[in-house]
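Next come the chains, spelled out residue by residue.
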Amino acid sequence: MNEDQDGTGTEQDEEAERIPAWRAGAVHLAALDTDDAELVHTWRSDPVAAYEIGVWPRSLTATRERIERDSEDNDRDDFLVLLPDGTPIGYTALTDQNIVDGTAEVLLLLAPEHRGEGHAVPALNALVDLAFGELPMYRLFAATHTANAPALAVLAASGFVQEGVRRSACLHRGRRHDVAVLSLLRPEWEKLDRPRAWETEA
């Protein structure tokens, strides 16, 4: 820390602590910002993540532009997933929101170094609780490769039910892949035997 010229204050080199928009005990959700572009770009460029997402990784510039554009989209909400100490461990989003029909798609991507640590289910639960507890959603859906066992297990643990398969719906590295479609309805969420995000605030 350095003294100001008048000697009455200090300058801090570290960024201000990120303020979570949604606290859910094990994880917090903070609104995604353009300053997060490098993090998101790194996570999306991971070969495993690229396969699971089923999309070609974007350049850092394109990722930043996409975040800026999405921030003005009223049909989606994008969040950085944080540990209670503020460590960013992934990204999640509620996209294609249709308030009239009460539907939206959920997305979740964890940083490679934080996979397998038990954060995926709490992160997805936090997003689900936001969708059903604060927004008028009735049906949430997700899509992933049928061979993506970890993602399917996380979705199932959060209450999602597989409702069908889109055959050969994704092309990745010259191969066609089937895509599983899963959903969670509000009545099913209401019956889940687990604390809600607002009951586990940390």
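Residues numbered from 1 in each chain as written. Predicted model: local features only at pLDDT ≥ 70, side-chain atom pairs only at ≥ 80, totals over all residues. Heavy atoms only, no water.

Novice: Account for the pattern of salt bridges, with residues named and values stated.
Specialist: One pass over the structure, following the stated rule, counts six salt bridges. Of the charged contacts in the structure, one is a salt bridge between D70 and R66, with a shortest N-O distance of 3.1 Å. Separated by four residues within a single helix, D70 and R66 lie in helix 3 (residues 60-70), roughly one turn from each other. Residue R66 is classed as partly exposed on the basis of its relative accessible area of 26%. Of the charged contacts, one joins R139 and E163 as a salt bridge, the two residues approaching to 2.4 Å between their closest N and O atoms. (Salt bridge = Lys/Arg side-chain N within 4 Å of Asp/Glu carboxyl O. Helix = DSSP H or I, 4+ residues; strand = E, 2+ residues; numbered from the N terminus. Buried < 20%, exposed > 50% of the residue type's maximum accessible area, 1.4 Å probe, protein only.)

Novice: Describe the sheet that holds strand 10 (residues 175-185), and please don't skip the residues or the numbers.
Specialist: An order of 3-4-5-6-7-8-10-9 is seen for the eight strands of this open sheet, with the pairing classed as mixed. Either end of the sheet is taken by a strand with one partner, and the two such strands are strand 3 (22-24) and strand 9 (161-172). Here the average twist between neighbouring strands, direction ignored, is 25 degrees. One ladder, built from seven bridges, connects strand 6 (residues 88-98) with strand 7 (residues 103-110); its direction is antiparallel. Bridging from a neighbouring strand, T92 pairs with L108 of strand 7. Relative to strand 6, helix 1 (residues 37-45) is tilted by about 90 degrees, and along the sheet it contacts strand 5 (77-82), strand 6 and strand 7. With respect to the sheet, helix 5 (residues 149-157) is in contact with strand 8 (139-145), strand 9 and strand 10, its orientation differing from that of strand 8 by roughly 165 degrees. (Pairing = 2+ DSSP bridges. Axes fitted to C-alpha atoms, helices over the stretch in contact; angles between N-to-C directions. Contact = heavy atoms within 4.5 Å.)

Novice: Break down the pairing of strand 6 for me, citing the residues and quoting the values.
Specialist: Among the 11 residues that make up strand 6, eight are buried, leaving the element largely enclosed by the rest of the structure. The antiparallel pairing of strand 5 with strand 6 creates a hairpin that spans five residues between the two strands, and G86 there sits at a positive phi of about 95 degrees. Adjacent in sequence and paired antiparallel, strand 6 and strand 7 are bridged by four residues, among which G102 carries a positive phi angle near 75 degrees.

Novice: Hey, could you go over the nonpolar core for me, with residue numbers and the actual values?
Specialist: Core analysis: the biggest nonpolar cluster contains 33 residues, and V106, V128, L140 and F160 have the highest contact counts within it. If we ignore the near neighbours within four places in the chain, the residues touching V128 are L140, F160, L184, W189 and R194. W43, A49, Y91 and A111 belong to the second-largest nonpolar core, a separate cluster that totals 13 residues. (Core = buried A, V, L, I, M, F, W, Y, C linked by side-chain atoms within 4.5 Å.)

Novice: Mind laying out the packing of aromatic side chains, listing which residues take part and the relevant values?
Specialist: Within this structure, the stated rule accounts for three aromatic pairs. On the numbers, 5.3 Å between centres and 35 degrees between planes, the contact of F132 with W189 is tilted. One end of the pair, F132, is in helix 4 (residues 120-133); the other, W189, is in helix 6 (residues 186-191), and 57 residues separate them in sequence. One exposure class covers both F132 and W189, and it is buried. Aromatic side chains W189 and W198 sit 6.4 Å apart centroid to centroid with 65 degrees between the ring planes, which places their arrangement in the edge-to-face category. We classify W189 as buried; its relative accessible area is 6%. (Phe/Tyr/Trp six-rings, centres within 6.5 Å; stacked < 30°, edge-to-face > 60°.)

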